[in-house]
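Each chain is listed here by its residues.
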Amino acid sequence: MKRVLIADDELHICNLIKCLIDWEAYGLEVAGFAHDGETAFQMCQELLPSFLITDIRMPGLNGLELMKKIAETLPDIKVIIVTGYSQFPYALQAIKYHVIDYLLKPVQKNELEAALTKGLELIKKESGLLQADSANLVSAQKIKDNLLMCMIKNKNDMDNRRQIFDVYRDQFYSNDKERGWQLIQINFVFRSGEDIAFIQNFLKTKMKAIMTEGIGTNAIEIITTLLGNDFYCLINGNMDYLEEKKYENYIKDKLIILNETIQKVNFVIGVSNIYADYHKIYDCIAQCEKCVLHKVYKGKDRIIYFEKVPQPIYDTQFFLNDTFRKNFANALKNEDIRKISVLLEELSVVLYNYSKRTDGKTVLGIYDILVEEFYLTIFGYSQNDEVIESKKEILQQGRYFYSVSGLFHYLGEIIGSEIQSISKKKEEQSIKPVKLAQRYIEKHYMDDITLEEIAKEVGWTATYLSSSFKKNTGKSVVDYLTYIRVQHAKELLLDTERSIGEVADIVGFHDAKYFATRFKKITGVSPNEYRGLFS
């Protein structure tokens, strides 16, 4: 009999886990309890159990520290975490220590049995006792899972679709007319960018277990794959069983419990129609996609059946009529952020009013068109890589929303932010020659420079430079040149014994009388008075 050690600081929890399943049926025996981490580690060293079932929060050496020591010194022990401490970062750390499962209190019998079965399979595999037939089944299952991934990735490529079908038909297909095909797509939206890879791997393992438990033994097979944030499960099972639709609610309830642990993810479950013909799998894929997009009407943490998604009566052109397009184009052209927000808010209200006669795919189509129109209006056809990447990101973000109003409010904010950014860049670009002109004046103030010379230096006409310079600085070019000369004259008057005429000549005034007049106008005193007051 393989030994099991249960570690939890509460004795009744240890007893509950011990009484939960028939250990002998699995070739296991509970060798003892530990109520703190140090004791658990000592018992692991003495008993060398095959399994350690441990809580995370324990006095002394906590569960994570215990797992780390087990991984470093006793790596053959299979660790299963059981905890009510619903903080997903702890689960992420546990994954790093190669634990085989993470279960929440109160522990469910089927979940614990599944975790133990997984651990026993790993032990057999590591000891070379896994039968060839089992290995072949695992290999065949991986091929089927990969075939489903290929089907989804190549859903729009007719040549590849045909080849994939041929492989599946020749290798795996069973022509049993009593069996049906149905696809479930679970779309996850993560609330933050932290640890996404860890969460995806965790979900991939967890979702497969949840599907297997929820769908039951009446299904001939379950084929699963994870693509990005979407988990797919293709079911080939008894038609009557599939039509009862009992398992979707089980899956939803499990996901809600799981989300209490992860605390970073929302979801929606799309369910296709059921078909007897396996060639309809691509119809199932398209249907699930429509279900997932319809979350913009139905909200988060929902089951959406394709048969209940409205067939759209009105297309995008109905909502984006000539009047709306004209108003939207004018608002973009005039960079009227407030008008854009009002138009998008009004569009949201209209779309809600037509919610029973249109679907989420149409709403996202409208969103995509408006994004394209915005970028075309602002950037034209010659869009650089940075602009293309920005547009791609905004289009993708639209797929994450669970409400029509939230979707178009986000679009209004993005457009407003982009317009402000572009306006700022335009302003900076327009003022750049003015700043260049200022720097040129500050460098050559002592020379006989003219407006035409400065304009040529910055690449503008004298007339345009003159008007822009006045607009941005409040001074004409000549007045700014005079002001700079006077500022330098003030320094020379205080720091040198030169005469007023010499100072005037150094800073670019070749007429001492004219210099005195301009100096007094700017400072309020004559050069001599200034020297007397401040020297």
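In the block above lies the structure referred to throughout.
Conventions we followed
Residues numbered from 1 in each chain as written. Predicted model: local features only at pLDDT ≥ 70, side-chain atom pairs only at ≥ 80, totals over all residues. Heavy atoms only, no water. Pairing = 2+ DSSP bridges. Helix = DSSP H or I, 4+ residues; strand = E, 2+ residues; numbered from the N terminus. Axes fitted to C-alpha atoms, helices over the stretch in contact; angles between N-to-C directions. Contact = heavy atoms within 4.5 Å. Phe/Tyr/Trp six-rings, centres within 6.5 Å; stacked < 30°, edge-to-face > 60°. Buried < 20%, exposed > 50% of the residue type's maximum accessible area, 1.4 Å probe, protein only. Lys NZ or Arg CZ within 6 Å of the ring centre and 35° of its normal. Patch = residues over 30% accessible without salt bridge, like charges linked within 9 Å, V, L, I, M, F, W, Y side chains within 5 Å. Areas by Shrake-Rupley, 256 points an atom, 1.4 Å probe, with all protein chains shown as cover. Salt bridge = Lys/Arg side-chain N within 4 Å of Asp/Glu carboxyl O. Core = buried A, V, L, I, M, F, W, Y, C linked by side-chain atoms within 4.5 Å. Parallel < 35°, antiparallel > 145°, perpendicular 65-115°, else oblique. Left-handed = near helix turned anticlockwise from the far one by under 90°. Nonpolar A, V, L, I, M, F, W, Y, C, P; charged D, E, K, R; others polar. Lys, Arg positive; Asp, Glu negative; His and termini not counted. Charge placed at Lys NZ, Arg CZ, Asp CG, Glu CD.

## Regarding the sheet that holds strand β5 (residues 101–104)
Across the sheet, which stays open at both edges, the five strands sit in the order β2-β1-β3-β4-β5 with parallel pairing between neighbours. The sheet is open, and its two borders are formed by β2 (28–34) and β5, each paired with just one other strand. Going across the sheet, the axis of each strand differs from the next one's by a mean of 20°, ignoring polarity. Sheet strands touched by helix α1 (residues 11–20): β1 (2–7), β2, β3 (51–54) and β4 (78–83). Its angle to β2, the strand with the most contacts, is close to 180°. Taken strand by strand, helix α2 (residues 37–47) contacts β1, β2 and β3, and its axis lies near 145° from that of β2.

## Looking at the packing of aromatic side chains
Counting across every chain of the model gives 17 aromatic pairs. A centroid spacing of 5.4 Å and a plane angle of 65° characterise the contact between F469 and Y480, whose relative ring orientation is edge-to-face. Here Y480 lies in helix α21 (residues 477–495) and F469 lies in helix α20 (residues 462–473), a separation of 11 residues in the sequence. Note on F469: relative accessible area 0%, which makes it buried. Taken together, the ring pairs in this structure connect F509, Y514, F515, F519 and Y530 into an aromatic cluster. Over the ring of Y483 we find K475; its NZ or CZ atom is 4.8 Å from the centre of that ring.

## Quick notes on a nonpolar patch on the surface
A cluster of nonpolar side chains, L494, L533 and F534, forms an exposed patch at the surface whose accessible area comes to about 300 Å². Summarising the element assignment, F534 is placed in helix α24 (residues 527–534).

## With respect to the side chain of D359
Among the structural elements, D359 can be located in the loop between α15 (337–353) and α16 (360–379). Of the residues examined, D359 reaches a relative accessible area of 2% and is grouped as buried. If we ignore the near neighbours within four places in the chain, the residues touching D359 are K290, H294, Y297, V309, P310 and P312.

## A word on the nonpolar core
Most often, soluble globular proteins have nonpolar side chains that are buried together. With 52 residues, the main nonpolar core has I186, F188 and I251 as its most contacted residues. Looking at this core element by element, the count peaks at seven residues for helix α8 (residues 196–215). Listed in part, the 32 residues of the second largest apolar core include V296, F324, F374 and L411.

## Examining the environment of K290
By secondary structure assignment, the location of K290 is in helix α11 (residues 281–293). For K290, a relative accessible area of 16% translates into the label buried. In this structure the C-alpha to C-alpha distance between K290 and G270, which are 20 residues apart in sequence, comes to 8.0 Å. Among all residues touching K290, those that are not within four sequence positions of it are F306, Q311, P312, D359 and K361.

## Remarks on the environment of I53
Residue position: I53 is located in strand β3. Taking the C-alpha atoms as reference, I53 lies 9.7 Å from L112; in sequence the two are 59 residues apart. Residues within four places of I53 in sequence aside, it is in contact with V4, L5, I6, A7, I17, W23, I80, V82 and L112.

## A short note on the packing of α16 against helix α17 (residues 385–397)
Taken N-terminus to C-terminus, the directions of α16 and α17 make an angle of 160°; their axes are 10 Å apart at the nearest point. Judged by the angle between their axes, α16 and α17 are roughly antiparallel. For the pair α16 and α17, the crossing hand works out as right-handed. Within the contact between the two elements, α16 uses Y367, D368, V371, E372, Y375 and F379 and α17 uses V387, S390, K391, I394 and L395. Across the contact of α16 with α17, the residue classes break down as seven nonpolar, one polar and three charged.

## A word on a negative patch on the surface
Together, D447, D448, E453 and E457 make up a negatively charged patch on the protein surface. One can find D448 in the loop between α18 (404–444) and α19 (451–458). By relative accessible area, which is 57% here, D448 ends up exposed.

## Re the environment of G32
Locating G32 in the fold gives a position in strand β2. In this structure G32 comes out as buried when scored by relative accessible area, which is 14%. For the pair G32 and R3, spaced 29 residues apart in the sequence, the C-alpha separation amounts to 8.8 Å. Those residues in contact with G32 that lie beyond four places of it in its chain are V4, L5, I6 and M43.

Everything listed is a geometric property; what it means functionally is a separate question.
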